[in-house]
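In case you want the letters, here they are:
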Amino acid sequence: MNLEKLVVDYKAGNEKSFDKIYKETLPLVKSAILNYITDKDTVLDLIQDTYLTFVEKKESYNSHSFSAWIYTVAKNKALDYLKKKKEVLMDTTDIIPDNSISPCLTYVINKLEPNLREVFLLKVLVGYSSKKVSTSLGIDVSLVNKYYYEAKEILRKELKDYEVK
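Just so it is clear, the structure is predicted and the values come from calculations on it, not from any experiment. Think of each chain on its own: its residues are numbered from 1, step by step along the sequence as written. Only residues with pLDDT of 70 or above have their local features reported here, since the model is predicted, and side-chain atom pairs are shown and tallied only from 80 upward, although totals for entire chains, interfaces and linings are computed over all residues. Excluded from the side-chain calculation are hydrogens and water; included are all heavy atoms of the structure.

Engineer: What is the right way to read the overall build of the protein from this model?
Structural biologist: Every helix listed is a DSSP run of H or I at least four residues long, and every strand listed is a run of E at least two residues long, numbered separately from the N terminus. Of the regular secondary structure elements, the protein holds eight helices and zero strands. Beginning at the N terminus, the succession of helices and strands in the protein can be written as α-α-α-α-α-α-α-α. Each of the 165 residues in the protein was classed as buried or not, and the buried ones make up 39%. Across the protein, the fraction of contacts at a sequence separation of at least 24, relative to all contacts at a separation of at least 6, is 63%. The accessible surface values rely on the Shrake-Rupley method and a 1.4 Å probe; as for residues, cover is taken only from the protein chains in view. For the protein, the accessible surface area stands at approximately 9,900 Å², while carbon and sulfur atoms represent 52% of it. Between buried and exposed lies partly exposed: a residue is buried under 20% and exposed over 50% of the maximum accessible area for its type, with that area taken using a 1.4 Å probe on protein chains only. In what follows, residue pairs with any heavy atoms lying within 4.5 Å of each other are defined as contacts.

Engineer: Quick question: what am I supposed to make of helix H1 (residues 3-11) here?
Structural biologist: Given 3.6 residues per helical turn, the α-helix brings residues three or four places apart onto the same face. Listed as buried for H1 are Leu3, Leu6, Val7, Asp9 and Tyr10. Along the axis of H1, the buried residues cluster in a sector spanning 160°; they form a single face. Each polar contact in these results corresponds to two N or O atoms within 3.5 Å; when the atoms are within protein, one needs to be able to donate a hydrogen and the other to accept it, and residues that are neighboring in sequence are counted only if both atoms are side-chain atoms. Between the side-chain oxygen at the start of H1 and the backbone nitrogen of glutamate 4 there is a gap of 2.8 Å, and the oxygen is on asparagine 2. Positive backbone phi, at 110°, marks glycine 13, one or two positions downstream of H1. Each direction from the helix axis to a C-beta atom contributes to the arc, which is the arc of those directions.

Engineer: Looking at this structure, how should I read helix H2 (residues 16-34)?
Structural biologist: A helix is expected to span 1.5 Å for every residue after the first. Over its 19 residues, H2 runs 27 Å from end to end, which matches the ideal 27 Å to within 8%, given 1.5 Å per residue. Take the seven residues that end at a residue and the seven that start at it, fit an axis to each, and the angle between those axes is the bend at that residue. Residue threonine 25 marks the point of greatest curvature in H2, where the axis turns by about 50°; the proline proline 27 follows within four residues.

Engineer: Sorry if this is basic, but what is going on with the nonpolar core here?
Structural biologist: Grouped burial of nonpolar side chains is what soluble globular proteins tend to show. Among buried residues, the Ala, Val, Leu, Ile, Met, Phe, Trp, Tyr and Cys ones that are joined through side-chain atoms within 4.5 Å form a nonpolar core. In this structure, Ile21, Ile33, Ile37, Phe54 and Phe66 are the most contacted members of the largest nonpolar core, which totals 41 residues. For this core, the elements supplying multiple residues, two or more each, are H1, H2, helix H3 (40-57), helix H4 (66-85), helix H5 (103-111), helix H6 (114-126), helix H7 (130-137) and helix H8 (141-161). Counting residues per element, this core draws most heavily on H4, at seven residues. Contact partners of phenylalanine 66, with chain neighbours within four places excluded, come to Leu3, Glu4, Val7, Ile21, Thr25, Phe54 and Tyr61.

Engineer: Sorry, what's going on with a negative patch on the surface here?
Structural biologist: Think of a patch as exposed residues, more than 30% relative accessible area, with no salt bridge, where like charges cluster within 9 Å and nonpolar side chains (Val, Leu, Ile, Met, Phe, Trp, Tyr) cluster within 5 Å. Salt bridge, as used here, is a side-chain nitrogen of Lys or Arg placed within 4 Å of a carboxyl oxygen of Asp or Glu. For the charge count, each Lys or Arg is scored as positive and each Asp or Glu as negative, with His and the chain ends excluded. In plain terms, the charge of a residue is placed at NZ if it is Lys, CZ if Arg, CG if Asp and CD if Glu. Among the surface-exposed residues, Asp39, Asp41, Asp45 and Asp49 lie close enough to one another that they form a single negatively charged patch. Within the secondary structure layout, aspartate 45 lies in helix H3.

Engineer: Is there a simple way to explain the environment of serine 65 in this structure?
Structural biologist: Within the secondary structure layout, serine 65 lies in the loop between H3 and H4. The class for serine 65 is buried, based on a relative accessible area of 18%. A sequence separation of 61 residues divides serine 65 from glutamate 4, and the C-alpha atoms of the two residues are 7.2 Å apart. Residue contacts for serine 65: discarding those within four places in its chain leaves Glu4 and Thr135. Only 3.1 Å separates the side chain of serine 65 from the backbone oxygen of threonine 135, close enough to count as a polar contact.

Engineer: Looking at this structure, how should I read the packing of aromatic side chains?
Structural biologist: For any pair of aromatic rings, the description rests on two quantities: the centre-to-centre distance and the angle between the ring planes. Planes of paired rings set the category: under 30 degrees apart is stacked, over 60 is edge-to-face and the rest tilted, where pairs are Phe, Tyr or Trp rings (Trp by its six-membered ring) whose centres lie within 6.5 Å. Taken as a whole and assessed by the stated rule, the structure comprises 12 aromatic pairs. Here tyrosine 61 and tryptophan 69 contribute two aromatic rings whose centre-to-centre distance is 5.2 Å and whose plane-to-plane angle is 70°, an arrangement assigned as edge-to-face. On the accessibility criterion, tyrosine 61 (6% relative accessible area) is buried. Clustering of aromatic rings is evident, with ring pairs tying together Tyr10, Phe18, Tyr22, Tyr51, Phe54, Tyr61, Phe66 and Trp69. The ring of tyrosine 10 carries the charged tip of lysine 58 above its face, separated from the ring centre by 4.4 Å. Only when the NZ atom of a Lys or the CZ atom of an Arg is both within 6 Å of the ring centre and within 35 degrees of the ring normal do we say a charge sits over the ring. Of note, lysine 123 hangs over the ring of tyrosine 148, and the distance from its end group to the ring centre comes to 4.7 Å.

Engineer: Sorry, what's going on with the side chain of serine 134 here?
Structural biologist: Along the chain, serine 134 falls in helix H7. Residue serine 134 is classed as buried on the basis of its relative accessible area, which comes to 11%. Of the polar contacts made by the side chain of serine 134, one reaches the backbone oxygen of isoleucine 139; its length is 2.3 Å. When residues no more than four places from it in sequence are discounted, the contact partners of serine 134 are Ile139, Asp140, Val141 and Val144.

Set out below in structure tokens:
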């Protein structure tokens, strides 16, 4: 079912639509937060805060892309949390909390420009298609593909320096 239709249904009082919205957008919301926060409990709290914001502001929601809207809300929740904690946003090697990824790869991914990193993480870690990344971030599919290609090339070049194959 179309996400925008689910949002309209939810705004009209169909509480079951929320579960579908949640299930459809959770990977996106989690990805947005994991770009900045690694503590599991904090990530869970920020996910909850993101959906609470939607519930509280559902009547005023009027965007054309719910995916882009919810992603932005989640990202802003993470950034607000960091501002409150006065933590450093960049130059950290533990943004991606996946122990199966080599430390070199984690470091190099985190050195990518934010646009490249977001596209790469959504495609690789979350498993989104280029079209879904496009919809989620509110950018053209061709730009998604360009960013993804650039990110792969940068990673390939950087990892060669680390002798990671």
